Amino acid sequence: MRYVDEFRDPELITRASEEIYRLADPARHYRIMEVCGGHTHAIYRFGLKDVLPSNIELIHGPGCPVCVLPMGRIDDGLAVARNANVIFAAFGDMMRVPGAHGSPLEHKARGTDVRIVYSPADALQIARRNRDRHVMFFAIGFETTAPSTALTLMRAKAEGIANFSVFCNHVTIIPAIRAILDSPDMRLDAFIGPGHVSTVIGCRPYEWIARNEGKPVVTSGFEPLDLLQSIVMLLRQLQAGEARVENQYKRVVPWEGNRAALKAMAEVFQLRPYFEWRGLGFISQSALKIRDEYAEWDAEQRFPIPGTRVTDPKAAQCGEVLKGVLKPAQCKLFGNECTPEHPIGALMVSSEGSCAAYYNYEHRKAVAMVTSISSVA
Amino acid sequence: MAHGAGGKASRRLVEGLFAPLLFENANAPLGDAANVRIDGASVAITTDSFVVNPLKFPGGSIGELAVNGTMNDLAVSGAKGQAMVATFVLEEGLPASVLEGEIRAMAAALHRAGVVMVGGDTKVVERGKADGMYITTTGIGRFMPRVTIDARSVRPGDKVILSGPIGDHGITILLARGELDLEADLSSDTRCVLPLIEAMVDEAAPGIRWMRDPTRGGVATSLNELARDCGLGIVLSEEEIPMRDEVRGACELLGLDPLHSANEGQFLAVVAPEYADAALNALNRTEGGEDAFIIGEVRTEPACGVLVTTRYGGSRIVDMLVGDPLPRIC
């Protein structure tokens, strides 16, 4: 399969791994954050830790849109669907995320009309086919998915489709990275920059990280070779004492981003003054709101919103894990009270969440190794 | 709904509720068919319900599935199906032509499998109470001599054989629902696997320890069940797992794991190492078994788990499916 097989070629991967071993200074410990949840998933899925030296620590960043969404927003969205007899449409990613009163799938089992869609355009299509019902698309995602929501709203307005609205939870990546860097307990050496987000925003928005914070950034693809090559590029910069933004994912990411997508976003969205991030708290200008010109299609303006605030269970340490201060397995609830079947924190729900990725692909591997070591001893 | 998706929740429902209250021996490993002794003779019996949307899909339909699925459950239990009964739950308003088409599909599948239908029952429910039609089939069969299927007989070093490419059925159904705007030249793999199993039994009967058809929940769920039942680890080598490019592409695109995708015409077999080549050769020589591979082996670690290794030295744990596979978008 083109664009996949060549990036999983064992010989090239072995060579990249050897290059990393050669470049990494054994006397140094490297803390590299992959910002994007897609990267976290890929790192575990391909077992990349097995081909990296132990002094390269990958810290999982905040780039999983499902994981950073506060529980109260899910409850709000589902409350609208229940009270106003609305069709609740969302990506599959959202379906198992628990609100305080259950996940969208659990609400579906209790009779709420919940539909899985693959794009916001599909939700609009449901509205076209069900003129007597209102369809609310529960929008999540970074700049990756925001343009498709924007284009869908533009189409809804152009066609005058009145029985459709968007409950907007779109967030932006840069303020989250800033919040991480501002966190006092955070020591990072470099960033693997987001891949899909960068197809939209390009590489320029990361330049301040290199310039002001002195940390190298390499935007990366999602295949094993992409990630290893990005680590090679970061190590080369670190060895040379440099801090620049580089683009490893040139086959997809244009340096300047996607102007048409950015234009659609600017047409439909404006920045919210502040927005709550699960685990990170309130971050100013970190999320998108639907402009007044599109108020008719904005679920938050159209329906009474309860404004639910849910504090996460005290014992759950999602915030620390999200910021990379704790490893998933260091959380008190990990693997006993909080599992992919019964997630307490959102990091356990999305397969891009670092806890779920760690649980599914790594956790029992670690257990297996411990038992084999102790049985040898 | 997760309780019906074939993964963890399904198993918990059976082990936690059905087995203790309904089964004579609640602790016996859960197989695909039961062994009933009647007047000293062993009879294999199994039952399965078929609920699929859409009723017809590329490569098959619910009627064909209902026959093949139950025959396959018998076959992987080491039994050859002899007779079948079927129950139909029909939704009011189901076009007669659709029903007739499905009955014809069943007749053809019965003929191919060499099994006879000996009875049945029909119920009609109100419109909106069923997805067109549900079919339940129950089959009885005769155990093949020389074959004993038991997860507890599996040993470290045994080889894991897969009969052909995975994921065709699951991905075909996902695409056939038409919600995805994705098209692929793909059809369901539904078929009766008995001829393949008979060929393998002829050559390697004493070495066959365990078999299963990886339907809902896919290869990953079946092998996790085996790992738990035998207390050992299953280590698969990723590049040996046969898969069509269309399945791989769709899974890459949708963020699904093909190891969790359903199959309706494949089976897994664990075979003692000294019989593995004979078993594989027998499959490869039989029509429809050309793409069978040895995909991994049984080891002591990870105990009760499944590990997938890659050619470049990475590895990951593959768990049972939790709920239905949901595509990832963002």
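Definitions and limits used
Residues numbered from 1 in each chain as written. Chains lettered and ligands numbered in written order. Predicted model: local features only at pLDDT ≥ 70, side-chain atom pairs only at ≥ 80, totals over all residues. Heavy atoms only, no water. Axes fitted to C-alpha atoms, helices over the stretch in contact; angles between N-to-C directions. Helix = DSSP H or I, 4+ residues; strand = E, 2+ residues; numbered from the N terminus. Parallel < 35°, antiparallel > 145°, perpendicular 65-115°, else oblique. Left-handed = near helix turned anticlockwise from the far one by under 90°. Contact = heavy atoms within 4.5 Å. Nonpolar A, V, L, I, M, F, W, Y, C, P; charged D, E, K, R; others polar. Pairing = 2+ DSSP bridges. Phe/Tyr/Trp six-rings, centres within 6.5 Å; stacked < 30°, edge-to-face > 60°. Buried < 20%, exposed > 50% of the residue type's maximum accessible area, 1.4 Å probe, protein only. Patch = residues over 30% accessible without salt bridge, like charges linked within 9 Å, V, L, I, M, F, W, Y side chains within 5 Å. Areas by Shrake-Rupley, 256 points an atom, 1.4 Å probe, with all protein chains shown as cover. Salt bridge = Lys/Arg side-chain N within 4 Å of Asp/Glu carboxyl O. Domains from an automatic or database assignment. Buried area = accessible area lost by both parts, 1.4 Å probe. Polar contact = N/O pair within 3.5 Å; in protein donor to acceptor, adjacent residues only side chain to side chain.

Chemist: Could you clarify how one ought to interpret the packing of helix 4 (residues 168-176) of chain B against helix 7 (residues 245-254) of chain B in this entry?
Modeler: Between two packed helices, what matters for the description is the angle formed by their axes and the separation of those axes. Residue and element names in this part refer to chain B. Their axes nearest at 10 Å, the elements helix 4 and helix 7 cross at an angle of 60 degrees. Comparing the axis directions of helix 4 and helix 7 gives the class oblique. For the element pair helix 4 and helix 7, the recorded crossing hand is left-handed. Residue-level contacts link Asp168, Ile171 and Leu174 of helix 4 to Val247, Ala250, Cys251 and Leu254 of helix 7. Of the residues belonging to the contact of helix 4 with helix 7, the class tally is 6 nonpolar, no polar and 1 charged.

Chemist: For this particular structure, what's the right way to read the sheet that holds strand 2 (residues 41-50) of chain B?
Modeler: Remark on secondary structure: sheet strands pair via backbone hydrogen bonds, oriented parallel or antiparallel. All names here are of chain B. The sheet built from 5 strands is open, its strands ordered 1-2-7-5-6 with mixed pairing. At either end of the open sheet lies a strand with only one pairing partner, and these are strand 1 (34-38) and strand 6 (116-125). Here the average twist between neighbouring strands, direction ignored, is 20 degrees. Pairing of strand 5 (residues 79-91) with strand 7 (residues 133-143), which is carried by 11 bridges, proceeds in the antiparallel orientation. Bridge pairing in strand 7 places Val89 opposite Tyr134. Along the sheet face, helix 2 (residues 62-75) touches strand 2, strand 5 and strand 7 and points at about 145 degrees away from the line of strand 2.

Chemist: Can you walk me through the packing of aromatic side chains in this structure?
Modeler: Any pair of aromatic rings gets described here by the distance separating the centres and the angle formed by the planes. All names here are of chain A. With the rule as written, the count across this model stands at 10 aromatic pairs over all chains. When the centroid spacing of 6.0 Å and the interplanar angle of 75 degrees are considered together, the rings of Phe222 and Tyr249 count as edge-to-face. Separated by 27 residues along the polypeptide, Phe222 in the loop between strand 8 (217-219) and helix 11 (224-240) and Tyr249 in the loop between strand 9 (245-247) and helix 12 (259-268) bring together distant segments of the chain. Their ring planes at 65 degrees and their centres at 5.6 Å tell us that Phe334 and Tyr358 sit as a pair that is edge-to-face. Of this pair, Phe334 sits in the loop between helix 14 (318-322) and helix 15 (354-376) while Tyr358 is found in helix 15, placing the two residues 24 residues apart along the sequence. Each member of the pair, Phe334 together with Tyr358, is buried.

Chemist: Could you clarify how one ought to interpret the pairing of strand 10 (residues 233-237) of chain B in this entry?
Modeler: The side chains of a regular strand alternate, first on one face of the sheet and then on the other. Residue and element names in this part refer to chain B. Of all the 5 residues making up strand 10, 5 are buried; the element is thus mostly covered by neighbouring parts of the structure. Side chains Gly233, Val235 and Ser237 of strand 10 all project onto a buried face; the interleaved residues Ile234 and Leu236 project onto the opposite face, where all are buried too. Pairing geometry for strand 10 and strand 12 (residues 293-299), over 4 bridges, is antiparallel. Following the sheet pairing, Ile234 is matched in strand 12 by Val298. Summarising the sheet, strand 10 and strand 13 (residues 306-309) pair through 4 bridges and their orientation is parallel. Of the residues in strand 13, the one forming a bridge with Leu236 is Val308.

Chemist: Explain a nonpolar patch on the surface here, please?
Modeler: All names here are of chain B. A contiguous nonpolar surface patch, about 520 Å² in accessible area, is contributed by Leu17, Phe18, Leu21, Leu22 and Phe23. In this structure, Phe23 sits in the loop between helix 1 (8-22) and strand 1. You can call Phe23 partly exposed: its relative accessible area is 39%.

Chemist: Could you clarify how one ought to interpret the packing of helix 2 of chain B against helix 3 (residues 96-113) of chain B in this entry?
Modeler: Residue and element names in this part refer to chain B. One can describe the packing of helix 2 onto helix 3 by two numbers: an axis separation of 7 Å at closest approach and a directional angle of 30 degrees. Considered as vectors, helix 2 and helix 3 are oriented roughly parallel to each other. Of the two elements, helix 2 crosses helix 3, and the hand of that crossing is right-handed. For the pair helix 2 and helix 3, contact is made by Ile62, Gly63, Glu64, Ala66, Val67, Asn68 and Met71 and by Glu102, Ala105, Met106, Ala109, Leu110, Arg112 and Ala113, respectively.

Chemist: What should I look at first to understand the domain arrangement of chain A in this one?
Modeler: Much of the literature gives interface size as the accessible area that the parts lose upon coming together. Residues and elements named next belong to chain A. Each domain of chain A was delimited in the assignment, giving domain 1 (1-312) and domain 2 (318-376). Computed from C-alpha atoms alone, the centre-to-centre distance between domain 1 and domain 2 is 21 Å. Domain 1 puts 33 residues into the contact, and the matching count from domain 2 is 23 residues. Roughly 2,200 Å² of surface becomes buried between domain 1 and domain 2 when both sides are summed, with 63% attributable to carbon and sulfur atoms. By the criterion of area lost to domain 2, the three top residues of domain 1 are His41, Tyr44 and Cys67, representing 26% of everything that side buries. Among the salt bridges present, the one from Glu57 reaches Lys327, with a minimum N-O distance of 3.4 Å. Counting every contact that joins domain 1 to domain 2 gives 3 residue pairs in polar contact (both at pLDDT 80 or more). The set of elements that each furnish at least two residues to the side of domain 1 that touches domain 2 consists of strand 1 (30-36), helix 2 (37-45), strand 2 (56-63) and helix 3 (65-68). The element contributing the most residues to the side of domain 1 that touches domain 2 is strand 2, with 7 residues. The residue makeup of the side of domain 1 that touches domain 2, split by class, is 16 nonpolar, 9 polar and 8 charged.

Chemist: Just checking my understanding: could you explain the environment of Arg112 of chain B for this structure?
Modeler: Assignment of secondary structure puts Arg112 of chain B in helix 3. Taking the C-alpha atoms as reference points, Arg112 of chain B and Cys192 of chain B, 80 residues apart in sequence, are found 8.0 Å from one another.

Chemist: I keep staring at the environment of Glu246 of chain B and nothing clicks. Help me out?
Modeler: Turning to its location among the elements, Glu246 of chain B is positioned in helix 7. Here the alpha-carbon distance between Glu246 of chain B and Thr172 of chain B, two residues 74 residues apart in the chain, equals 9.8 Å.

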